[in-house]
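Chain and residue survey
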Amino acid sequence: MAPARKISRFHRQGDDWFCNASLPSDITVVVDGVNFHLHKFPLISRCGKIATILEEYLSSTETTSTLPLEEFPGGADLFFSIVKFCYGDRIEFTPRNIVILICAADYLSMTDEYGEDNLLSKSESFFHKQILRHWKDCIVALQSCELVIPTADKLQIISKCMNALSVMICTDPSLFGWPMMMYGSLQSPGGSILWNGINTGAKIHSNESDWWFEDVSFLCVELFERLVQTMETKGIRPEILARAIMYYCKKYLPGLGRWPGGQSGKLRTVASFSMTPASVNQTSLLKSVVKLLPEKKGKSFCRFLLGLLRVALILGVNHTCQDSLERRIGVQLNLATLDGILIPSYSDSDTLYNSDCVERMIRHFVSSEPRVTSISPSSVDLDTSPSSGHLKKVAKLVDNYIAEIASDVNLKPGKIRSLAEALPESSRSLHDGLYRALDIYFKAHPWLSQNEKEQLCSIIDFQKLSIDACAHASQNERLPLRIVLQVLFFEQMQLRTALAGCLNVLDAEIAPAASLPVPAGQRVQREGWVTVVRENEVLKVDMERMRSRVGELEEEFSKIKQEMKKVSKSHSHLSSPRFIAKGIACKLLPRASDAHQDIIESTGPTPRASVERAPPSNRDLLHRKSFSLF
């Protein structure tokens, strides 16, 4: 309501407005429950609608009549401003009220036919000369259309504002004279650089295209959607429109703050400081955004789509919107990250993560690659096929995803199998990721039966396991015994194949093999097995040498034991340590005669004492060192 001190001709009593005139009022106009006690002549001289209605009361004998105005644009406050205009007061046009005034003037038929320079012509003139030429005024006026969208559409106000904004966005902003706040006081209204208040004539060139994102984000969903569509028809690049949509969604949808492509720092803004954020229905926004987003691919865009999918699952939008998001993500699943596809289960499901949604996205990816489904692993080289890079990335992503959700105790074995088999067999050159995921799953689910474990292990091709994975699997107690034996069998087969390849003449293999490309996974496995075979051959040679040396040492040790037994049975009356030492020394010599041995044995005193006192010979030291090896 207008302040009372500014009103000279009217005063208010409760919900009734009265004119401070000597003549009594002869008409009462009701707008939104407020009664305006007025005079007919000022109204019919400006308002064609009121004049038409009053003609119906000409035959009436009543001195006053009541005239209700249903669904009047702007309500009682705006009608009060129009009443003052009819009584000769000046009305102020602003970007906030100009659209409502045009709609109200059209509602009351305030054309020049009912008075020269009437309200409709004056307001339309202000709209075309002032509003459509300035960015700030046009944005504020467009936001005010939210309350009167049907009428503003009929009068083409919305389309004119959107066309003007689209032209300004497509053109250099400095040509329109609005303040560019990022440059502060260094820029003149014409876009030139100022030095000590003097126009230097130099232009500031800015390649940034996001200066208008913040301003248009204050529009409601319907107006924002229509503005984006208008910009698209004007030729604005789809990537710029996609960034604007992403910015708008980030502002009004929770949970999208993790989007890495958001604007950092302070955004440039022109009109937003005088605007209030729009009241947005999140479900309506999500449905509109899905229709507006272009068919674009990129890491940040894929992450943004995954954020939208999470919000859609939280809000419980219809399946059409959800399926559209899953399809958009699926065709670029190779650009997704593990934390992006780890979508929690927001429904009543027992599992922690929504694996059904991820499985559908995987199938969308497979269906979007026609070459993937039409080829077999043996008919194409994965290193040279166009889809090999995308396939390998998605396969690695899926394997890591299965390993991440495998610790969920409520996850069923069938879901693990369906996720793993959603991709074709040709997508994995190595199955180490699948083996790691199953090992985590078996550890978190110790109650699984042997039959269930064997069924899950059937998704792994043990011939595609690396050397480290084979070594781990052969000692893994969580695997069924049949699977362990299978791993050992394939390991032996790999060793034999690698050994046969090493024993062949390498020069004969290099020439024909050079022209045939070898898959990356098989090449890595072959080189690993060849290295293992070579190391085994070296170990075998060392073991043979060690075995022969141990045999020699055992023979010498047995001879020493026999000699010690003979010495212990010798006569104890020999007292000379010298003879005992010589006797023992002679016994140790390999070429000593038997007669000489008998003489020494018969003349030696106590053998044990003699051996303890005798100094060790070099041969004895050698035997002791050899014996210490065992």
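A quick note: this is a predicted structure, and the numbers were derived from the prediction, not measured.

Across its full length, the protein carries 29 helices and seven strands. Counting the 630 residues in the protein, one finds 43% classified as buried. When contacts within the protein are restricted to residue pairs at least 6 apart in sequence, long-range pairs at least 24 apart make up 71% of them. Per element, the accessible surface of the protein, about 34600 Å² overall, is 54% carbon and sulfur.

We now examine helix α4 (residues 98-107). The element α4 is largely enclosed, with a buried count of eight among its ten residues. For α4, the complete set of buried residues consists of Ile98, Val99, Ile100, Leu101, Ile102, Cys103, Ala104 and Ala105. Residues of α4 that are buried make contact with α3 (75-86), α5 (119-131), α6 (135-144), α7 (149-154) and α8 (157-170). Ser109 sits one or two positions beyond α4 and adopts a positive phi of about 55°.

With twelve residues, α3 extends 17 Å from end C-alpha to end C-alpha; this agrees with the ideal 16 Å at 1.5 Å per step. Burial runs high along α3: ten of the twelve residues are buried. Downstream of α3 by one or two residues, Gly88 has phi in the positive range, about 105°.

This next bit is on the nonpolar core. Residues Val29, Phe36, Leu38, Phe79, Trp212 and Leu308 are the most contacted members of the largest nonpolar core, which totals 154 residues. Those residues in contact with Leu38 that lie beyond four places of it in its chain are Phe10, Ser25, Asp26, Ile27, Val29, Leu43, Phe79, Val83 and Tyr87.

A few words now on the sheet that holds strand β2 (residues 16-19). Within the open sheet, the five strands sit side by side as β1-β2-β4-β3-β5. Their pairing is mixed. Each edge of the open sheet is held by one strand with a lone partner, namely β1 (10-13) and β5 (65-68). The mean angle between the axes of side-by-side strands here comes to 25°, regardless of whether they run parallel or antiparallel. Looking at chain direction, β1 and β2 are connected through four bridges and run antiparallel.

Attention now goes to the packing of helix α10 (residues 221-233) against helix α12 (residues 282-292). Packing of α10 against α12 brings their axes to within 10 Å, and their N-to-C directions diverge by 5°. Taken together, the axes of α10 and α12 are roughly parallel relative to one another. Of α12, the residues touching α10 (which contributes Val221, Glu225, Val228 and Gln229) are Ser284, Leu285, Ser288, Lys291 and Leu292.

Before going further, it helps to spend a moment on the environment of Ile467. By secondary structure assignment, the location of Ile467 is in helix α22 (residues 467-474). Placed 27 residues apart in sequence, Ile467 and Gln494 show a C-alpha to C-alpha distance of 9.7 Å.

On to the pairing of β2, then. Of the two faces of β2, only the one carrying Trp17 and Cys19 is buried; Asp16 and Phe18 on the other face are not. Two elements, β2 and strand β4 (residues 34-38), share three bridges in a ladder whose sense is parallel. Bridge assignment links Trp17 to a residue of β4, and that residue is Phe36.

Right, let's talk about the packing of aromatic side chains for a bit. A full pass over the atoms with the stated rule returns 14 aromatic pairs. Between Phe36 and Phe79, the aromatic rings sit 5.0 Å apart at their centres with planes inclined by 70°, giving edge-to-face as the arrangement. With a gap of 43 residues between them, Phe36 in strand β4 and Phe79 in helix α3 connect regions that are remote in the sequence. The burial state of Phe36 is the same as that of Phe79; both residues are buried. Both rings, one in Phe301 and one in Phe304, keep their centres 6.4 Å apart while their planes meet at 35°; by these two values the pair is tilted. Placement of the pair is Phe301 and Phe304 together in helix α13 (residues 299-315), with a separation of three residues, close to one helical turn.

Criteria and cut-off values
Residues numbered from 1 in each chain as written. Predicted model: local features only at pLDDT ≥ 70, side-chain atom pairs only at ≥ 80, totals over all residues. Heavy atoms only, no water. Helix = DSSP H or I, 4+ residues; strand = E, 2+ residues; numbered from the N terminus. Buried < 20%, exposed > 50% of the residue type's maximum accessible area, 1.4 Å probe, protein only. Contact = heavy atoms within 4.5 Å. Areas by Shrake-Rupley, 256 points an atom, 1.4 Å probe, with all protein chains shown as cover. Expected span 1.5 Å × (residues − 1). Core = buried A, V, L, I, M, F, W, Y, C linked by side-chain atoms within 4.5 Å. Pairing = 2+ DSSP bridges. Axes fitted to C-alpha atoms, helices over the stretch in contact; angles between N-to-C directions. Parallel < 35°, antiparallel > 145°, perpendicular 65-115°, else oblique. Phe/Tyr/Trp six-rings, centres within 6.5 Å; stacked < 30°, edge-to-face > 60°.

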